[in-house]
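Summary of structural features
The lines below spell out each chain.
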Amino acid sequence: MPTSEKTILEVQDLSIAYPISIGVVRAVEGVSFTLDDGEALGVVGESGCGKSTMGLSILKLQRPPGRVTGGRIMYRGTDILSLSGRELLKLRGQKISMIFQNPLTSLNPLFTVQQHFLETIHFHDPGMPKDKALAAVGKMLETLGIERKRLSEYPHQLSGGMRQRVMIGLALIMNPDILIADEPTTSLDVIVEAGFTELLLELRRVYKLSLILITHNLGLVAELADRIAVMYAGRLMEIATAQQIFDRPLHPYTQGLIACVPNIQADQKELVTMPGSPPDLVAPPAGCRFAPRCPKVMPICREKAPALLEHERGHSAACWLYDRSVSPGAGPAFDGAGG
Amino acid sequence: MSTQPSRPHIPAARFSPAGGLASAVGWFSRSRKKYGMEWWIMIAGLVVILFVVTMTAFPGLFTRFNPNDQNAGGQMTRPSPAHVMGTDNLNRDVWARVVYGARTILGVAFAAALVSALIGIPLGLLSGFAGGVFDRVLSLIMDSVYSFPGLILAIAFAAMLGPGVINITLAVAVVYIPTYFRLVRGQTLSIKEEVYVEAARAIGARRGTILGRYVFPNVIATVVVVLSLNIADAILTEAALSYIGLGLPAGLPDWGMDLSMGKKFLPSGVWWMITFPGLMIMLLALGFTMLGEGLAEILNPRLLER
Amino acid sequence: MPPSAAALVSATDLVKDFPLRGTIFDAFSPARRAVHAVDRVSFSIGEGEVLGLAGESGSGKSTTGRLLLRLIEPTSGSVVYRGTDIRSYGAREMEHLRAKTQIVFQDPNSSLSPRMSVGQAISHPLSIHGIGTPAERRERVLDLMEKVGLSPAPFLYRKYPHQLSGGQSQRVVLARALVTQPDFLVADEPIAMADVSVRALVLQLMRQLKQDMGLTYLLITHDLATAKYLCDRVAVMYLGRIVELASRDELFTHAHHPYTKALLEAVPVPDPKARRDKKLPHGEIPSAINPPSGCHYHPRCPFALARCREARPPLREVAPGHVSACILD
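No experiment lies behind these values; they were computed from the predicted model shown.

This part covers the overall build of chain C. A count of helical and extended segments in chain C gives 12 helices and 12 strands. For a compact globule of 329 residues, the expected C-alpha radius of gyration is about 20 Å, and chain C comes in at 21 Å, within 12% of that figure. For the C-alpha atoms alone, the extent of chain C along its principal axes is close to 65 × 55 × 45 Å. Across the 329 residues of chain C, 51% fall into the buried class. Sequence separation of at least 24 residues holds for 65% of the intrachain contacts in chain C that already meet a minimum separation of 6.

Structure below.
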């Protein structure tokens, strides 16, 4: 995958596995993608596809016994996976931050909002004087749309939406380059979710933030992401701009996924359904992992796993359907000459 | 958005013995691959228990002596090939007394545990499910009994009821009723709030059915663990009671009684009369404890593994 | 809204307050603190119809669903099923009601007892109502299992919930709800916990079953896109009250109440071309213990007038078959 000057994060051939009683679960296999400065990348997939595991591994937060079995995660030229514990601490919260699904359990019930912020600042920059820290907090609250009086409140006194805003504030207070958001709106009401989305867009603009958004919510990625990566059974199936993914999805899984989501603006007579379920990751099928459920499966799909190749400009898919050597009548080809 | 939650693989209660056996065997072989220490602890406990149970069932296999035979050998002879554990002050073979004594202690402990469970579990279910004043009053009573040191309570009851196997069994049983009650009540209270209980109401199940088919089966797993630990405790309590002399008629071989008898002769250097019964009490109690603890660990949903 | 003659189920002025146990000082205050979950809700559902009850958290939609089946007792108001008020039902009639009306809950995994096999769970309603012999019940259950897509049925019959996938569990829950051949099904967020692809399967299945078995549904959901797909009419609830009720097409093209409009604005659309600046109401959903006076939505409504604070706006007809609880035009 070609990297540009603006690439800030590059995941190369990442594989993560964790052992269980009956074998080893290959949760993530050979995932590669890049993130440009200021870009928002959406990682979509259903439960068990490995997107959360992958997201956590970027900050080496994957829970044991899960461990990275291969690949590199390059951030500004350094492999995150090779960093020591001490160096990682300088990375987390300062250069790359992460927010999670349930803000209530992510916040300390014994700390006020102000204490949360001051703690965080003090941890990363012990030398900062308190008044300067408080000023930064004040500015952040303003951007978040939280009233100052909330500073003295405890998490249980805040509403769900407000807690999620505090979470984002804590993640961004040290002005990181990248924010990883793992299902940030799943526990929120629709209107609150919309407000949160607006906030994220604003924050990206103000702080020039790069975003990795991990979610199963296609509506959310459509609103926030510049590029979208689709994962299935631990593998990256397709990656392209948001427009490309929704207008002309290449991979049958992506096609199925988009066709089965109710769209409030479209007139959908019938939802297309994808019968079957994701494969067992301890003994995944040989070849393409989607082959057992694929409506367009071919013999080769069951034998060899297709590589993630760029079939159109900026649009890559891991599917034999588009491989000229296999399907001569395959779709648009990338001729490398800016076509 | 939630993924499939992890659940422990608990075999279900089936009503066909063959099916039950098959599922138990299946569960055993699957568990063996999964678990380390806890598995072996449980197995060790089981081995000990089975050994003692065999002793109970087929004493003739273990000794040819009669435990009450006062002419088995010399008086207080040391352990020797003829008398593996020596003889006591009444010329009885100690090993024979140990073998036959197993019946008594195991019998009382099992029976007491059974009685406790049969009373404590239903009360706990009803109390937790019904709630209200009934629950409050019953909990109060149970908590009061529970707060008594077990042994003291057992002694009090034994003294009240007088000697006899049944009375001793009851005295030991009373001590453990609150344990089952509290455990089952707690479980019932939390299961009562589960969605599947509401779903059961929605399909029209009456309260009795809900209790019996929805609440009880989900409570039973932890009870099995407690039962084993309960028996361990009951063994110690029974031994203690007969040690103090509150208990069984003289004709019945009993470890606790032998313990107290052996104590008298210890100063004169006769160590085998007290040591062997003591060791057996400890071994048996340990066996049940290991079984219970091992089972508890195994039945606990493991968060790291699926 | 008066119950229509052809209604299968109708609710009239349903109220449900959940009393809160406060401190002893509350005993002296005139108004006992309570969560006003459902505040005079009325609607009716015709036979064969799918009515959607949409709203966010605290709207009272789940409580309303349960009130409709008398799983909880209303504080006041009535529920009429086939012409009779179910509050007057004795034990026998209630038993019959439990066979003829059913509910499907949000999380299929917690809706099934971990210690009952699939077959046992689905056939249990039959044995409760004394329908058929054990052999007949098994046959019926196997047939139903095939129908809902639990295949191969005899194999899955003996499985336990933890051995099933999310989609399969939800089918089991559906089968259990349908085994006594009910007329009316309350589906409380039936797909909220399912994977994206499973949702589509369950929605399709629900549609199919409705046709094959002549069912009437009340679909409770927070997702308007789902409501649009499955429902004939949709009612929008806010803080215990119905604020708008209309046919599906009417609601989505000519929404009247400001809250409904806000909801429709907020729903994320899976299409990047649909990106827009959203006009969202400020603030958050207030507490149901101390709701705002008059129209509950007035503190957040961009069009609020002084009148809105004073009296509760009634549901009035703004177009044929379309009612809205907003005094504006």
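Additional details are given in the paragraphs that follow.
Tallying secondary structure elements over chain B gives 11 helices and 0 strands in all. The linear arrangement of helices and strands in chain B, starting from the amino end, is α-α-α-α-α-α-α-α-α-α-α. By residue count, 42% of the 306 residues in chain B fall in the buried class. Partitioning the intrachain contacts of chain B with sequence separation of at least 6 by distance along the chain shows that 68% fall at a separation of at least 24.

Here we come to the sheet that holds strand E3 (residues 50–54) of chain C. Residues and elements named next belong to chain C. With mixed pairing, 8 strands are arranged side by side in an open sheet as E6-E7-E8-E3-E9-E10-E12-E11. Two strands close off the open sheet at either side, each with one partner strand: strand E6 (101–104) and strand E11 (316–319). Adjacent strand axes in the sheet meet at a mean angle of 20° when their direction is disregarded.

Residues and elements named next belong to chain C. Strand order in the open sheet formed by 4 strands is E2-E1-E4-E5, and the pairing between neighbours is antiparallel. This sheet does not close on itself; its edge strands, each paired only once, are strand E2 (34–46) and strand E5 (84–85). Judged from the 10 bridges that link them, strand E1 (residues 7–19) and E2 form a sheet pairing that is antiparallel. The residue of E2 that forms the bridge with Pro19 is Ala34. Docked against the sheet, helix H1 (residues 61–68) engages E1, E2 and strand E4 (76–81), running at close to 120° with respect to E1.

A few words on the environment of Gly60 of chain B. Inspection of the secondary structure puts Gly60 of chain B in helix H3 (residues 59–62). With 39 residues separating them in the primary sequence, Gly60 of chain B and Val99 of chain B have C-alpha atoms 9.1 Å apart.

Turning our eyes to something else, we now look at the pairing of E6 of chain C. All names here are of chain C. Alternating positions in E6 separate into two faces, Thr101 and Ile103 on one and Gln102 and Val104 on the other, with burial throughout. Summarising the sheet, E6 and strand E7 (residues 184–188) pair through 4 bridges and their orientation is parallel. Bridging across to E7, Gln102 finds its partner in Leu185.

This brings us to the confidence of the model for chain C. Residues and elements named next belong to chain C. The predicted model of chain C has a mean per-residue pLDDT of 89, with 95% of residues at 70 or higher. Within chain C, helix H8 (residues 196–213) has the poorest average pLDDT of any element, 88, and strand E9 (residues 233–238) the best, 96. Note on residues 1–5: pLDDT under 50 across the span, and 11 contacts to partners over four residues away in sequence or across chains. Here the predicted complex scores 0.82 on pTM and 0.85 on ipTM.

What follows covers helix H1 (residues 51–58) of chain A. Residues and elements named next belong to chain A. Of all the 8 residues making up H1, 7 are buried; the element is thus mostly covered by neighbouring parts of the structure. When H1 is considered as a whole, its buried residues turn out to be Lys51, Ser52, Thr53, Met54, Gly55, Ser57 and Ile58. Lys60 sits one or two positions beyond H1 and adopts a positive phi of about 55°.

Chain-level pLDDT for chain B is 82 on average; 86% of the residues reach the 70-or-more range. Predicted confidence for residues 1–15 of chain B stays below pLDDT 50, and this span has 31 contacts to residues more than four positions away or in other chains.

This part takes up the interface of chain A and chain C. Between chain A and chain C, the contact holds 36 residues from the first and 33 residues from the second. The element that contributes the greatest number of residues to the side of chain A that touches chain C is helix H7 (residues 190–207) of chain A, accounting for 6 residues. Here the residues of the side of chain A that touches chain C are counted per class, giving 18 nonpolar, 14 polar and 4 charged.

Among the structural elements, Ser113 of chain C can be located in the loop between helix H3 (108–111) and helix H4 (118–128). Spatially, the C-alpha atoms of Ser113 of chain C and Tyr160 of chain C are 9.0 Å apart, while their sequence positions differ by 47 residues. What Ser113 of chain C contacts, discounting residues up to four positions off in sequence, is Tyr196, Tyr214 and Asn218 of chain B together with Ala121 of chain C.

Glancing now at the nonpolar core. Across soluble globular proteins, you tend to see nonpolar side chains buried next to one another. In this structure, Leu213 and Val221 of chain A, Val215 and Ile235 of chain B together with Ala175 and Leu219 of chain C are the most contacted members of the largest nonpolar core, which totals 284 residues. At 19 residues, helix H9 (residues 207–244) of chain B tops the list of elements feeding residues into this core. With residues up to four places along the chain from it excluded, the contact list for Leu219 of chain C reads Val50, Gly52, Leu53, Ala187, Ala227, Leu230 and Cys231 of chain C.

Time to look at helix H2 (residues 37–57) of chain B. One turn of the α-helix equals 3.6 residues, which is why residues spaced by three or four share an orientation. Taking 1.5 Å as the rise per residue, H2 of chain B with 21 residues should run 30 Å; its terminal C-alpha atoms sit 30 Å apart, in good agreement. Buried residues along H2 of chain B sit in contact with H3, helix H4 (94–130) and helix H11 (272–299) of chain B.

Once that is clear, we can look at the environment of Asn109 of chain C. All names here are of chain C. Position of Asn109 relative to the elements: it lies in helix H3. For Asn109, a count of 20 C-beta atoms within 10 Å puts it in the buried group. Between the C-alpha atoms of Asn109 and Gly166, which are 57 residues apart in sequence, the distance is 7.7 Å.

Let us now look at the packing of helix H10 (residues 255–265) of chain B against H11 of chain B. Residue and element names in this part refer to chain B. Two elements in contact, H10 and H11, have axes separated by 7 Å at closest approach and are oriented at 150°. Here H10 lies roughly antiparallel to H11, going by the angle between them. Seen from above, H10 lies across H11 with left-handed handedness. In this structure, H10 contributes Trp255, Asp258, Leu259, Met261, Gly262, Lys263 and Phe265 to the contact, and H11 contributes Met273, Ile274, Pro277, Gly278, Met280 and Ile281. Split by residue class, the contact of H10 with H11 holds 9 nonpolar, 2 polar and 2 charged.

Here Pro64 of chain A and Pro65 of chain A are connected by a cis peptide whose omega angle stands at 10°. If you trace the backbone, Pro65 of chain A turns up in the loop between H1 and strand E4 (67–75). A cis geometry characterises the amide bond from Ser151 of chain C onward to Pro152 of chain C, with omega recorded as -5°. If you trace the backbone, Pro152 of chain C turns up in the loop between helix H5 (134–147) and helix H6 (153–157).

What follows concerns the packing of helix H7 (residues 165–192) of chain B against H9 of chain B. All names here are of chain B. Remark: H7 packs on H9, axes separated minimally by 9 Å, with the N-to-C direction vectors making an angle of 155°. Classified by the angle between their axes, H7 and H9 sit roughly antiparallel to one another. The two elements H7 and H9 meet at a crossing, and its hand is right-handed. When the residues that make up the contact of H7 with H9 are grouped by side-chain class, the tally is 15 nonpolar, 7 polar and 2 charged.

What counts, and at which threshold
- Residues numbered from 1 in each chain as written.
- Chains lettered and ligands numbered in written order.
- Predicted model: local features only at pLDDT ≥ 70, side-chain atom pairs only at ≥ 80, totals over all residues.
- Helix = DSSP H or I, 4+ residues; strand = E, 2+ residues; numbered from the N terminus.
- Rg over C-alpha atoms; globule rule 2.2 N^0.38 Å.
- Buried ≥ 20, exposed ≤ 12 C-beta atoms within 10 Å, placed from the backbone.
- Contact = placed C-beta atoms within 7 Å.
- Pairing = 2+ DSSP bridges.
- Axes fitted to C-alpha atoms, helices over the stretch in contact; angles between N-to-C directions.
- pLDDT = per-residue confidence, 0-100.
- Nonpolar A, V, L, I, M, F, W, Y, C, P; charged D, E, K, R; others polar.
- Core = buried A, V, L, I, M, F, W, Y, C linked by C-beta atoms within 7 Å.
- Expected span 1.5 Å × (residues − 1).
- Parallel < 35°, antiparallel > 145°, perpendicular 65-115°, else oblique.
- Left-handed = near helix turned anticlockwise from the far one by under 90°.

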